[in-house]
There are 2 protein chains.
Amino acid sequence: MQSGDKETHPRTERFRPGRVVLDTSLFVNPDARKYFGDTPTEALEGFLFLAAQVPILEFYMPPSIFRELLNFIQKDKLSGDLLVVLHQKPPNKYELTCPAFLLYELIEDIRERINKGLRVAESAVRGVSSKGEKVIIQDLRRKYREALREGIIDSKEDVDLILLARELDALLVTADQGVIKWAEKLGIKWLFPEKFRDYLLSSIKKARLLDIRI
Amino acid sequence: MQSGDKETHPRTERFRPGRVVLDTSLFVNPDARKYFGDTPTEALEGFLFLAAQVPILEFYMPPSIFRELLNFIQKDKLSGDLLVVLHQKPPNKYELTCPAFLLYELIEDIRERINKGLRVAESAVRGVSSKGEKVIIQDLRRKYREALREGIIDSKEDVDLILLARELDALLVTADQGVIKWAEKLGIKWLFPEKFRDYLLSSIKKARLLDIRI
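Worth saying up front: this structure is predicted, and the values here are computed from it rather than measured.

So, on to the relation of the copies chain A and chain B. Here the two chain copies are tied together by a rotation about an axis and a shift along that axis. Note on the copies: chain A fits chain B at an RMSD of 0.0 Å, the axial shift is 0.0 Å, and the rotation between them is 180°. Expressed as a symmetry operation, the mapping of one chain copy onto the other fits a two-fold axis. Both copies present the same face, since 100% of the interface residues in chain A are matched by interface residues at the equivalent positions in chain B.

Here's what the structure looks like:
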């Protein structure tokens, strides 16, 4: 039955497009976006220009991440290609599951961070007499956020990225270390935004070769 | 095939024992244990005495929780019944899954707590000049722990309880509010330790009735 299918639809079988899930960092982070454009708006345009030429890939972004992106973009300059080329799809969070061992890792990680946060707070209290309240509070905020939030999945948006990539078996393009850490645990392919332009160019070449062969 | 099985083993089919997963609070928390005994050791003995008379129930405890319990117990006074009546079983954490929407709830919850923790730390820094370092640090520790850890699943042991109860489709006996909150989300039956002695006595009665009927 399956081999019969194959013979009837050889093109469909062979050309199931690869899927790519994009984080905002690709357009917002200056080091990442420079390969596509000088500003976030230009980078998005630059991406859309290339992406429209890659029939073997489909591009996705969770709506929550897209809303974040809109804060950095001049909306009036966006082309209509956006809606066709970059699909906004939320993950199916009520049907997806995650392996239970991840709960242990998440909770152990958070436990350690909470303890670290308390040590940061205590050392802030001890520093007041020598450095003064104002300096200490600024210092505290920075150190506390570093201790509790860096390198961790800490927002709905992060979970959206991970779950959408898992649902679609997609390549996840992100520079977020917390997200990458979880992608590794869950067997999700990922790519640094800096490499993404090359990835697109290579895919354009591959698409052309595949057309020739058929 | 299945109905054939039923006719061959009618007793086994009808008497699949109910399963119960126990938290330490049953023996350690003074309000909970008083129904079974005055000290943790006596409460455990009291429980074992009743539990051995309930053939329609099986009792489980994750090994991590049992290790916690051992800190409160006089080991030399424990009867051999313990190993037979109270099964130590870890959850199968590499095969179990949890619904993905729980990740969102956990991460949102933690995010709010982290912000609350920072506010606690800031207000501690601001209080140093009036209350003095020593008082403020004691205060900080208490308030910080309250803000970040109360009512939340915050340890491997908590996750063990939840997952074991889920795996065994068991009744979870616990007084931990964080654990109860998750049991509610995951459709796990739970019972306050204060009610557990009555539950056992009632089960003994039920077991006798069932014996009479067969």
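Turning our eyes to something else, we now look at the sheet that holds strand E6 (residues 190-191) of chain B. Residues and elements named next belong to chain B. The strand order across the open sheet built from five strands is E3-E2-E1-E5-E6, with neighbouring strands paired in parallel fashion. The strands lining the two open edges of the sheet, one partner per strand, are strand E3 (86-88) and E6. The strands touched by helix H6 (residues 63-70) within the sheet are strand E1 (18-22), strand E2 (57-61) and E3, with E2 carrying the most contacts at an inclination of about 75°.

Its 17 residues give helix H9 (residues 133-149) of chain B an end-to-end C-alpha distance of 23 Å, which sits within 8% of 24 Å, the value for a rise of 1.5 Å per residue. Lining the buried residues of H9(B) we find helix H8 (101-131) and helix H9 (133-149) of chain A together with helix H8 (101-131) of chain B. Following H9(B) by one or two positions, Gly151(B) adopts a phi angle in the positive range, close to 70°.

Glancing now at the environment of Phe66(B). Residues and elements named next belong to chain B. In this fold, Phe66 is placed in helix H6. Residues Phe66 and Ala124, 58 residues apart in the sequence, show an inter-C-alpha distance of 37 Å. Apart from residues lying up to four places away in sequence, Phe66 is in contact with Met61, Leu82 and Gln88.

Moving on to the packing of H8(A) against helix H10 (residues 156-168) of chain B. Put simply, H8(A) and H10(B) touch, their axes get as near as 9 Å, and they point 155° apart. The pairing of H8(A) with H10(B) is recorded here as roughly antiparallel in orientation. You can see that H8(A) and H10(B) cross each other, and the crossing is right-handed. Contact residues: Leu103(A), Tyr104(A), Ile107(A) and Glu108(A) in H8(A); Lys156(B), Val159(B), Asp160(B) and Leu163(B) in H10(B).

Moving on: the sheet that holds strand E2 (residues 57-61) of chain A. Hydrogen bonding along the main chain pairs the strands of a sheet, whether they run parallel or antiparallel. Residues and elements named next belong to chain A. Here five strands make up an open sheet; going across it, the order is E3-E2-E1-E5-E6 and the pairing parallel. On the outer flanks of this sheet lie strand E3 (86-88) and strand E6 (190-191), each paired with one strand and no other. By the bridge criterion, two bridges tie strand E5 (residues 171-173) to E6 in an arrangement that is parallel. Residue pairing in the sheet places Leu172 in a bridge with Trp190 of E6. Packing against the sheet, helix H6 (residues 63-70) makes contact with strand E1 (18-22), E2 and E3, and its axis sits at approximately 75° to E2.

On to the domain arrangement of chain A. Reports often express the size of an interface as the amount of accessible area lost when the parts come together. Residues and elements named next belong to chain A. According to the domain assignment, chain A consists of domain 1 (16-96 + 156-210) and domain 2 (100-148). Relative to domain 2, the C-alpha centre of domain 1 lies at a distance of 33 Å. Listed as interface residues are four residues of domain 1 and, on the opposing side, six residues of domain 2. Carbon and sulfur atoms make up 68% of the surface buried where domain 1 meets domain 2, a total of about 400 Å² over both sides. For the pair domain 1 and domain 2, the number of links is two salt bridges. With a shortest N-O distance of 2.4 Å, Glu105 and Lys185 are connected by a salt bridge. If you look at where domain 1 meets domain 2, you find one residue pair in polar contact (both at pLDDT 80 or more). Taken together, the residues of the side of domain 1 that touches domain 2 sort by class into two nonpolar, no polar and two charged.

Residues and elements named next belong to chain A. One can describe the packing of H8 onto H9 by two numbers: an axis separation of 9 Å at closest approach and a directional angle of 165°. Regarding the angle of H8 to H9, the classification is roughly antiparallel. In the packing of H8 onto H9, the handedness of the crossing is right-handed. The residues of H9 that touch H8, namely those facing Arg113, Ile114, Lys116, Gly117, Val120, Ala121, Ala124, Gly127, Val128 and Lys131, are Glu133, Val135, Ile136, Asp139, Leu140, Lys143, Tyr144, Ala147, Leu148 and Arg149. Residue classes in the contact of H8 with H9 are distributed as 11 nonpolar, two polar and seven charged.

Residues and elements named next belong to chain B. Residues Asp38, Glu42, Glu45 and Asp81 make up a contiguous surface patch of negative charge. Tracing the backbone through its elements, the reader meets Glu45 in helix H5 (residues 40-51). A relative accessible area of 30% places Glu45 in the partly exposed class.

With 44 residues of chain A in contact, the opposing surface of chain B contributes 44 residues. Interface area, chain A with chain B, both sides summed: about 4300 Å², of which 71% is carbon and sulfur. For the interface between chain A and chain B, the tally reads two salt bridges. Note that Glu122(A) and Arg141(B) form a salt bridge whose closest N and O atoms lie 2.6 Å from each other.

Parameters and conventions
Residues numbered from 1 in each chain as written. Chains lettered and ligands numbered in written order. Predicted model: local features only at pLDDT ≥ 70, side-chain atom pairs only at ≥ 80, totals over all residues. Heavy atoms only, no water. Least-squares fit on C-alpha atoms with pLDDT ≥ 70 in both. Contact = heavy atoms within 4.5 Å. Pairing = 2+ DSSP bridges. Helix = DSSP H or I, 4+ residues; strand = E, 2+ residues; numbered from the N terminus. Axes fitted to C-alpha atoms, helices over the stretch in contact; angles between N-to-C directions. Expected span 1.5 Å × (residues − 1). Parallel < 35°, antiparallel > 145°, perpendicular 65-115°, else oblique. Left-handed = near helix turned anticlockwise from the far one by under 90°. Domains from an automatic or database assignment. Buried area = accessible area lost by both parts, 1.4 Å probe. Salt bridge = Lys/Arg side-chain N within 4 Å of Asp/Glu carboxyl O. Polar contact = N/O pair within 3.5 Å; in protein donor to acceptor, adjacent residues only side chain to side chain. Nonpolar A, V, L, I, M, F, W, Y, C, P; charged D, E, K, R; others polar. Patch = residues over 30% accessible without salt bridge, like charges linked within 9 Å, V, L, I, M, F, W, Y side chains within 5 Å. Areas by Shrake-Rupley, 256 points an atom, 1.4 Å probe, with all protein chains shown as cover. Lys, Arg positive; Asp, Glu negative; His and termini not counted. Charge placed at Lys NZ, Arg CZ, Asp CG, Glu CD. Buried < 20%, exposed > 50% of the residue type's maximum accessible area, 1.4 Å probe, protein only.

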